[in-house]
Amino acid sequence: MRNNILAGNWKMNCDLPMTQELISNIKKQLPEQLDCEVMIAPSHPFLYAAFNDSLDTPIEVIAQNVSQHENGAFTGEVSIDMLQSVGIKTVILGHSERRDVFLETDKDLAQKTKAAIDKGMRVVFCCGEHLDQRNTGNHFKTVTDQIEKALFDLSSKEWKQIVVAYEPVWAIGTGETASPDQAQEMHHHIRKFIADKYGDKTADKLSILYGGSVKPANAQEIFAQPDVDGGLVGGASLDADSFIAIAKAF
Ligand code: PGA
């Protein structure tokens, strides 16, 4: 009904030799039968090399971010056309590190998402609450606000190009994971929120990934939840053995 997806977010790690070695090690161990789409997100300078290295495999190379601007005087930015010219079809947007460290706003993310969707890209849209928001009972509202502000101008048709990644900020890179129940509860809440606006068909087809310290030891239990359709994995995706072990958890 909907796709399972495992996406590795490599963040600002790996130079070119390390990128190529990691891809080569993942390729060597990738099982023939996979029950998920596999995506990796290396840094921008290495996307072209990574794309070429992955051509003969089921691995999709995706980007970690993109500009909402078409082209021009935006020093340091990378455009959608640039990504597409090196074979990239999917981009992660709204990661909490982009929101918190680089101060990307809901408005920026709405613009980026719309621009990427208009050019035919798929977007892995990240959302998630901070610990204080969970502790004060505001986690559901925080997450649905993020989704509403950035994505609710899209049409149902455009939602086919969206994957949502729920990543509680308190679980990212901390070793702390949402329990399978906490993940299921939020994923179900997100799906219902989208069903209320767009209808069951759109919501049922939407893949919702969990992110936040996913590891081989906890992947199976988290992915077994009915509304969890895979993972967005940071730290554990930088090691081929653990990334493959997570891929086998489906
Ligand atoms: P983590 O990162 O798996 O290292 O917690 C997840 C992410 O930031 O996407």
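Everything that follows concerns the structure shown earlier in this document.
(A) Spotlight on the packing of aromatic side chains. This model, assessed by the stated rule, comprises 6 aromatic pairs. Ring centres of Phe152 and Trp159 lie 6.4 Å apart, and the angle between their planes is 65 degrees; on these two criteria the pair is classed as edge-to-face. The interplanar angle of 85 degrees and the centroid separation of 5.5 Å between the aromatic rings of Phe152 and Tyr198 together place this pair among those described as edge-to-face. Remark: Tyr198 occurs in helix α8 (residues 180-198) and Phe152 occurs in the loop between α7 (139-151) and β6 (162-166); sequence separation between them is 46 residues. The exposure class assigned to Tyr198 is buried, which follows from its relative accessible area of 13%. Aromatic ring contacts, followed pair by pair, group Phe152, Trp159, Phe193 and Tyr198 into a single cluster. We note Lys197 situated over the ring of Tyr198; from NZ or CZ to the ring centre the distance is 5.8 Å.

(B) Just the sheet that holds strand β5 (residues 122-127), in detail. Strand order in the open sheet made by the 8 strands is β3-β2-β1-β8-β7-β6-β5-β4, with parallel pairing throughout. Of all strands in the sheet, those bounded by a partner on one side alone are β3 (59-61) and β4 (90-93). Ignoring which end each strand starts from, the neighbouring axes of this sheet average 25 degrees apart. Summarising the sheet, β6 and strand β7 (residues 208-211) pair through 3 bridges and their orientation is parallel. Paired with Ala165 across the two strands is Leu209, which belongs to β7. On the sheet, helix α11 (residues 240-247) packs against β1 (5-9), β2 (37-41) and β8 (230-233) and is oriented at approximately 160 degrees with respect to β1.

(C) Fine view of the environment of Cys127. Secondary-structure assignment places Cys127 in strand β5. The spatial distance from the C-alpha of Cys127 to the C-alpha of Gln146 is 6.4 Å, given a sequence separation of 19 residues.

Rules of the game
- Residues numbered from 1 in each chain as written.
- Predicted model: local features only at pLDDT ≥ 70, side-chain atom pairs only at ≥ 80, totals over all residues.
- Heavy atoms only, no water.
- Phe/Tyr/Trp six-rings, centres within 6.5 Å; stacked < 30°, edge-to-face > 60°.
- Helix = DSSP H or I, 4+ residues; strand = E, 2+ residues; numbered from the N terminus.
- Buried < 20%, exposed > 50% of the residue type's maximum accessible area, 1.4 Å probe, protein only.
- Lys NZ or Arg CZ within 6 Å of the ring centre and 35° of its normal.
- Pairing = 2+ DSSP bridges.
- Axes fitted to C-alpha atoms, helices over the stretch in contact; angles between N-to-C directions.
- Contact = heavy atoms within 4.5 Å.

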